[in-house]
Amino acid sequence: LLLLLLLFLLLLLTDVVDCFVDLLWEMNVAPPSRAQHVSEFQEKAKLLLKDNEKAFLLSALSEFKRTKSIQRLMSSLNAVLNTPEKLDLLRPLRFLIPDTFALRAAFDKMAPYHRMAHPINREELESMGVSRPLRIQRLPHESFGMNIRGGFDMGTGIFVSSVTEESPSALGGLRVGDEILSANGVAFQGITHARAVEIIKTTTSLQLLVRYTGHVPAKYTSRSTFNWVDSTGRSLGTSLPPKKVAEVTSGKQRHVKLDKSIGPLGFSVRGGVDFNLPVFISSVDQKSQADNIGLLPGDEILMVNTMPVADMTHGDVIDIMRQGDVFTLTIVYRGRIPTHKVDFGEMKFRGVRKDAHTGDDDDDDDDD
């Protein structure tokens, strides 16, 4: 009975572990940052190296930063990392090598990973992002059988988000989570999504350079905000002289009439539904008609004549005010003016399951 109970608990624990692993794969996983690799390298170096060895290694890294010579760096490393335990520093160190101009690939080729106390095998090296060349051929009537996601316009590289089983891409060795570094000699760093699709779709033969990352872009979110100033152009605070603040109560609607036949109006407006903003009076010329009737920078326009402007574009509001000589504005003082738009974009990543072949939940991929 005790043996059966232990067996049941073991099976239950196995299920829990499997569920936890699945959850980790589905989470929004991002690769470790360079700062994390630097921290790991510093901690291990502190434990494994003597002070003179650390100074020598620091000098070697400074020289590499200047010369970009992997061969000279590796010669220095071999002099310092002279035990299997010290060679374990190669693991965090490789991530400090810039992944440009094939520097990291050259480092991987020369590094004695097999002599480490905890060696890095080929499969692990691939999972750590070593670039590899692929050749994929398709017939004119078939597709490559892959989806890509990302691009410079989304703030990321170009990633493979799905690969159809038995497709030319699958047979060629392409994997979900691969980042495409180049295609047919064209570098994919800094390339837009549309341009990447065009390059891939207009050929039947692809010479790719890819690296496995273990993640793909999952969702791109963007938002916009506006910088605001008060009616004098300064940061928000007391926006009008005390006398005028007393005369105009924020939130209280006023109605003002303007007549173009008696002279220039003397004010500017900013905003509209096309800017995702209310319409504001942004400036008023001194001693102008607008100034004389009490228009203020920071007034929000609610209506032109009897027409609400909440769903109007900036151009629509201007067009209405240009119709006829006389029009009435319904306004309310807000005490602030939008100055310029600030856009923010963020790409979130998700981890790739080790057995993943196809995309599962997003519809924004391009089938190539």
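Residues numbered from 1 in each chain as written. Predicted model: local features only at pLDDT ≥ 70, side-chain atom pairs only at ≥ 80, totals over all residues. Heavy atoms only, no water.

Scanning the protein for helices and strands turns up 13 helices and 15 strands. Per-residue burial for the protein yields a buried fraction of 40% across its 368 residues. For the protein, the exposed area adds up to about 21,400 Å²; of that, 56% sits on carbon and sulfur atoms. (Helix = DSSP H or I, 4+ residues; strand = E, 2+ residues; numbered from the N terminus. Buried < 20%, exposed > 50% of the residue type's maximum accessible area, 1.4 Å probe, protein only. Areas by Shrake-Rupley, 256 points an atom, 1.4 Å probe, with all protein chains shown as cover.)

Attention now moves to the confidence of the model for the protein. Averaged over every residue, the pLDDT of the protein is 77; residues scoring 70 or more account for 71%. Counting contacts from residues 235–249, a segment whose pLDDT is below 50, to residues more than four positions away or on other chains yields 22 contacts. Within the model, the stretch residues 359–364 combines pLDDT values under 50 with 9 contacts to residues more than four positions away or in other chains. (pLDDT = per-residue confidence, 0-100. Contact = heavy atoms within 4.5 Å.)

This model, assessed by the stated rule, comprises 9 salt bridges. Among the salt bridges present, the one from Glu-198 reaches Arg-195, with a minimum N-O distance of 3.3 Å. Linking Glu-198 with Arg-195, this pair stays in helix H10 (residues 193–201), spanning 3 residues, or about one helical turn. Given the relative accessible area of 43%, Glu-198 is considered partly exposed. Here Glu-300 and Arg-334 are joined by a salt bridge, their closest N and O atoms 2.7 Å apart. Remark: Arg-334 occurs in the loop between strand E13 (326–333) and strand E14 (337–351) and Glu-300 occurs in strand E11 (residues 299–304); sequence separation between them is 34 residues. (Salt bridge = Lys/Arg side-chain N within 4 Å of Asp/Glu carboxyl O.)

In this structure, Ser-131 sits in strand E1 (residues 131–137). Residue classification places Ser-131 among the partly exposed residues on the basis of a relative accessible area of 25%. Once the C-alpha coordinates of Ser-131 and Arg-104 are considered, the two residues, 27 residues apart in sequence, prove to be 8.8 Å apart. Every residue in contact with Ser-131, bar those within four places of it in the chain, is listed here: Ala-105, Leu-181, Leu-209, Val-210 and Arg-211.

Relative to the assigned elements, Thr-330 resides in strand E13. Given the relative accessible area of 2%, Thr-330 is considered buried. Apart from residues no more than four positions distant in its own chain, Thr-330 is found in contact with Gln-253, Arg-254, His-255, Glu-300, Ile-301, Leu-302 and Met-303.

Once that is clear, we can look at unusual backbone geometry. Not every positive phi belongs to a glycine, and Asn-184 is a case in point at roughly 50°. Along the polypeptide, Asn-184 turns up in the loop between strand E4 (178–183) and strand E5 (186–187).

Time to look at the pairing of strand E9 (residues 267–272). Bridge count for E9 against strand E10 (residues 277–284) is 5 bridges, and the pairing is antiparallel. Across the sheet, the residue bridging to Arg-270 is Phe-280, located in E10. Hairpin connection from E9 to E10: 4 residues lie between these consecutive antiparallel strands, with Asn-276 at a positive phi of about 60°. (Pairing = 2+ DSSP bridges.)

With that out of the way, let us pick up the nonpolar core. Membership of the largest hydrophobic core comes to 25 residues, with the highest contact counts inside it found for Leu-77, Leu-81, Leu-90, Phe-107 and Tyr-113. Secondary-structure elements contributing two or more residues to this core are helix H2 (34–48), helix H3 (51–67), helix H4 (70–80), helix H6 (90–93) and helix H7 (103–110). At 5 residues, H4 tops the list of elements feeding residues into this core. Those residues in contact with Phe-107, other than ones at most four positions away along the chain, are Ile-70, Leu-73, Met-74, Leu-77, Leu-90, Leu-93, Arg-94, Ile-97 and Tyr-113. (Core = buried A, V, L, I, M, F, W, Y, C linked by side-chain atoms within 4.5 Å.)

With that settled, consider the packing of aromatic side chains. Enumeration over the complete set of coordinates arrives at 0 aromatic pairs. Directly above the aromatic system of Phe-144 lies the positively charged group of Arg-138, at a separation of 4.9 Å from the ring centroid. Directly above the ring of Tyr-212 sits Arg-175, whose terminal nitrogen or CZ lies 4.0 Å from the centroid. (Phe/Tyr/Trp six-rings, centres within 6.5 Å; stacked < 30°, edge-to-face > 60°. Lys NZ or Arg CZ within 6 Å of the ring centre and 35° of its normal.)

A few words now on helix H13 (residues 314–322). Looking at H13, one finds that the buried residues are Val-317, Ile-320 and Met-321. Here the buried residues of H13 occupy an arc of 95° about the axis, which is enough to place them on one side. Where H13 is buried, its residues meet E9, E10, E11, strand E12 (307–308) and E13. Gly-324 occupies a position one or two residues after H13 and carries a positive phi of about 80°. (Arc of directions from axis to C-beta.)

Moving on, we get to the side chain of Glu-179. Structurally, Glu-179 can be placed in strand E4. On the basis of relative accessible area, Glu-179 is assigned to the buried category, the value being 10%. Contact partners of Glu-179, with chain neighbours within four places excluded, come to Gly-157, Ile-158, Phe-159, Leu-209, Val-210, Arg-211 and Thr-213.

This part covers the packing of H3 against H4. For any two helices packed against each other, the geometry is given by the interaxial angle and the distance between the axes. Axis separation between H3 and H4 bottoms out at 9 Å; the angle between their running directions is 175°. Viewed along their axes, H3 and H4 adopt a mutual orientation that is roughly antiparallel. Here H3 contributes Glu-53, Phe-56, Leu-57, Ala-60, Leu-61, Glu-63, Phe-64 and Thr-67 to the contact with H4, which in turn contributes Ile-70, Arg-72, Leu-73, Ser-76, Leu-77, Ala-79 and Val-80. Looking at the contact of H3 with H4 residue by residue, the class counts come to 10 nonpolar, 2 polar and 3 charged. (Axes fitted to C-alpha atoms, helices over the stretch in contact; angles between N-to-C directions. Parallel < 35°, antiparallel > 145°, perpendicular 65-115°, else oblique. Nonpolar A, V, L, I, M, F, W, Y, C, P; charged D, E, K, R; others polar.)

All right, on to H7 then. Taken together, the buried positions of H7 are occupied by Leu-103, Arg-104, Phe-107 and Asp-108. Buried residues of H7 fall within an arc of 135° about the axis and therefore sit on the same side.

It is worth spelling out the pairing of E11 at this point. Where E10 and E11 come together, 2 bridges link them in antiparallel fashion. Note that in E11 the partner of Phe-280 across the bridge is Glu-300. Sheet analysis places E11 next to E13, joined by 5 bridges and oriented antiparallel. In the strand pairing of E13, Met-303 is matched with Thr-330. Sheet topology note: the E11/E12 ladder contains 2 bridges and is antiparallel. Along E12, the bridge assignment pairs Met-303 with Pro-308. Taking the residues that link successive antiparallel strands as the turn, the E11-E12 hairpin has 2 residues, and the phi of Asn-305 there is positive, at about 55°.

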